[in-house]
Amino acid sequence: MQSPDQPVLRDIVLIGGGHSHVGVLKTFGMRPVPGVRLTVICRESRTPYSGMLPGYVAGHYSFDEVHIDLRRLAHFAGARFFRDEAIGLDRDARKVLCADRPPVSYDLLSINIGSTPGMNDVVGAAEFAVPVKPISAFNERWVQLRNRVRERAGATRIAVVGGGAGGVELALAMQYRLRNDLKSTGRDPDELVVHLLSAGPDILPTHNARVRRAFSRVLAERGIKVHRGSQVTEVAPGRLRVADGSTLDADDIVWVTRASGAPWLRATGLELDDDGFIRVTGTLQTVTDANVFAAGDIASMVGRPLEKAGVFAVRQGRPLAGNLRRAVQGQPLANYRPQQRWLALISTGDQYAVASRGALGFQGRWVWRWKDWIDRRFMARYSELPAMPAAPRAQPPSIQLGDDEAAQAISAIAMRCGGCGAKVGASVLGRALGGLRPIERDDVLIGLHAPDDAAVVRVPPGKAVVHSVDFFRAFIDDPYVFGMVAANHALGDLFAMGAEAQSAAAIVTVPPGLDAKVEDDLRQMMSGAIAVLNEAGCALIGGHTGEGRELALGFAVNGLVDEDLAQVMRKGGMRAGDVLVLTKPIGTGTLFAAHARQLARGAWIDAALETMCQSNRLAARCLFDHGATACTDLTGFGLLGHLVEMTRPSGVDAELDLTALPVLDGAEECSTAGVVSSLQPANVRLRRAIRNQAEVHRHPRYPLVFDPQTAGGLLASIPADRAAACVEALRALGYAQASAIGRVLPQGDALAPIILNAG
Ligand SMILES: Cc1cc2nc3c(=O)[nH]c(=O)nc-3n(C[C@H](O)[C@H](O)[C@H](O)COP(=O)(O)OP(=O)(O)OC[C@H]3O[C@@H](n4cnc5c(N)ncnc54)[C@H](O)[C@@H]3O)c2cc1C
């Protein structure tokens, strides 16, 4: 792990979470290079392990068993995880262009993005066939295919196009699983007919004759119809056309042919081979650019073509890590020497496998068990992560720096030790914020577009201003997403009051470091914030940026409401008989506490971040339109704390249904395991507000009512006759887990105003 006291001197960016990059992350996690920051950009936070994919398709493994939790692994490695898609490179500026964020800067870059199905050469394939590649997206397509087979009455014909190891293995695995699916619903498994089409004269062209014979026998015994020498030339709905002019009817067509490189690589200027894969040397550096590396399927080694197999991608992880480490320290690189022969363990779907190595071939149930053991051991390396000792304070960097950079690094270390609060230099700030485009509003008379000592905004006639401020430390390592959440969190106060967001001033803290790195962090973070502010119609009108130990961001926000306060939703105002409606699930506090301790699954964090980035703007309008009598946004005090803040001024009591609470995936597991936010103990002091605490304190959801929220949802009281329509309208607006969670009761004699209903 990197020490937080160590300024970042160099950035290594990894595009794709393929088999080689998981190895790089593990290696750097075990032995970091002081001053070097890793960043992974990947479309998904769970990356599949190809070796177990056929076993998953056959039903022998669960989804989790065959996926590496990349977000968690990155956290272990002290690497930043950016869930995004790379769509290009600006190699002159050393930046990765991404689909959903500003360009990400690198000093060294590595690409491990697998391959893309080569479907464009065949008419209709892209429209009407199901590609296996990218394997990361295969699961969704496979689940849909299974559903189609189950729902189709009568026979189903499936054509698997591609006679290599992938196609053969997949055809057998799919047949095994789909037959079991049919059997389990009482249908005749023979309703399923599987065809395998191979363009060449035989299947498994890269394997020896013994292995080919073994699979020919298995395929024949299993009734899979093999079409050799059948190059598919056209795909139409329900039909394939083959080069000899014949056709084959098929309800589903699965494409497992030779793949190609991602199209976006063509514009990068990197030299590619005929199939669009990046040409690399023995050091895994691209032949075009020594600062760009590539590994796995996407790499094409000059003079040593390798099969597109996960086994090579895995093997390249260690030499790639070694060379990235050497390159960043200015040391000579070492050549990767691929093995001449390699062992392929190819399964037949029914817990039987064939081993192939050079001219050797053997088979049996024991080969499957052996493969299973190897694969599980591989996965354990990435799921059972060792607890690493706390990072030592700043270590001497082993990076060669220019004079200017060295001076910046020394001053950054000195400042960090002092905790500092100095202003960030004007030139750094200017460059970082220069490209940002906050919206302009007519009522902002002096703002960022004509900067001055302070901003001047007009309050339109008949309007009053609503003010609020929020500020917090980065709780995730992705500055862009953090910026979005921080802005959303701050705007939540305005929306909870029913206000229109007008303007915001930012207060920013960035850790000192090399100017270029500080600039990058600022740009990413403020771009995320501005995306949210702009979407809310809120103009960024100014701010202040200082240096401090940790990245932090807050906003002073202004909103507008009618002067007569008719639109203002207050905390007081609840009426007995109202229904309590909550717009978003709770659980962010416990989930991010677990994330910090590597106990949360990446998918839980993905889902939590998604809700935290969802604006409360539309929800507030919807609650208002449904006659909300009171409203607040859920933040640090948690559900109970904020509810008590509403019942007190309203002079009412309230009842919450614990079972009706919308809860984020994983939140119950984490809080039950005792993993709570550092704010939780302070919130728990309010338990005296719960009238029936003794009855409910063992309920698994009990701790969650104290869980502090970041950018949480809105809690409102809605007249009972409109509550169901309100929840329905909220869901239609995209608040998928909006729920009625309790009732407002007349104030009783008891001191404690809240009843938790566990029934
Ligand atoms: C059905 C089937 C079975 C197979 N079985 C085996 C087997 O048993 N053994 C074997 O050795 N090989 C097997 N293979 C081959 C194997 O799948 C590939 O060789 C292997 O997945 C390549 O690994 P990789 O690390 O290069 O890329 P991948 O494993 O494909 O990983 C690429 C990663 O990059 C991400 N990514 C892609 N593009 C971008 C982008 N633009 N921006 C950000 N992220 C991106 C993806 O989401 C993914 O996480 C099989 C293939 C198939 C089709």
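Everything that follows concerns the structure shown earlier in this document.
These numbers come from a predicted model, not from an experiment. (Residues numbered from 1 in each chain as written. Predicted model: local features only at pLDDT ≥ 70, side-chain atom pairs only at ≥ 80, totals over all residues. Heavy atoms only, no water.)

Undergrad: How should I be thinking about the site of the ligand in this particular structure?
TA: With respect to spatial proximity, 35 residues lie near the ligand, and among them H19, E44, D297, G310 and V311 are the closest. T47 is positioned with one of its side-chain polar atoms (N or O) 3.0 Å from an oxygen atom of the ligand. Interatomic distance of 3.5 Å between a side-chain N/O atom of W264 and a nitrogen atom of the ligand. Burial of the ligand by the surrounding chains reaches 92%, relative to a free accessible area of 1000 Å². Counting residues per element, the ones that place at least two in the shell around the ligand are β2 (36–42), α6 (165–184) and α8 (310–328). When its residues are assigned to classes, the shell around the ligand shows 14 nonpolar, 13 polar and eight charged. (Near = heavy atom within 4 Å. Polar contact = N/O pair within 3.5 Å; in protein donor to acceptor, adjacent residues only side chain to side chain. Areas by Shrake-Rupley, 256 points an atom, 1.4 Å probe, with all protein chains shown as cover. Helix = DSSP H or I, 4+ residues; strand = E, 2+ residues; numbered from the N terminus. Nonpolar A, V, L, I, M, F, W, Y, C, P; charged D, E, K, R; others polar.)

Undergrad: When you look at the sheet that holds strand β24 (residues 353–357) in this model, what are you seeing that I'm missing?
TA: The strands making up a sheet associate through hydrogen bonds between their backbones, and the pairing can be parallel or antiparallel. Strand order in this open sheet of three strands is β23-β24-β25, and the pairing throughout is antiparallel. The open sheet has two edge strands, β23 (344–347) and β25 (360–364), and neither has a second partner. Across the sheet, the mean angle from the axis of one strand to that of its neighbour is 20°, orientation sign disregarded. Here four bridges tie β23 to β24, and the two strands are oriented antiparallel to one another. Bridge pairing in β24 places A344 opposite S356. (Pairing = 2+ DSSP bridges. Axes fitted to C-alpha atoms, helices over the stretch in contact; angles between N-to-C directions.)

Undergrad: For this particular structure, what's the right way to read empty space enclosed by the protein?
TA: To find leftover empty space, a probe the size of one water molecule is rolled over the atoms. For the structure shown, the criterion picks out five cavities of 30 Å³ or more. Every residue lining the largest cavity is listed: G296, D297, A299, M301, L306, E307, K308, A309, F312, A313 and Q316. Mapped onto the lining of the largest cavity, the elements with two or more residues apiece are β22 (299–301) and α8. With three residues, the top contributor of residues to the lining of the largest cavity is α8. Each residue belonging to the lining of the largest cavity can be placed in one class, and the counts come to six nonpolar, two polar and three charged. Taken as a whole, the second largest cavity encloses approximately 60 Å³ of empty space. As for the second largest cavity, its lining consists of D11, R37, R80, F82, P103, V104, S105, D520, D521, R523 and Q524. Ranked by residues supplied to the lining of the second largest cavity, first place goes to helix α13 (residues 515–535) with four residues. The residue makeup of the lining of the second largest cavity, split by class, is three nonpolar, two polar and six charged. (1 Å grid on protein atoms, 1.4 Å probe; cavity = no way out; pocket = protein on both sides within 12 Å on 5 of 7 lines; lining within 4 Å. Points joined across faces, edges and corners; volume = space filled by probe spheres on them.)

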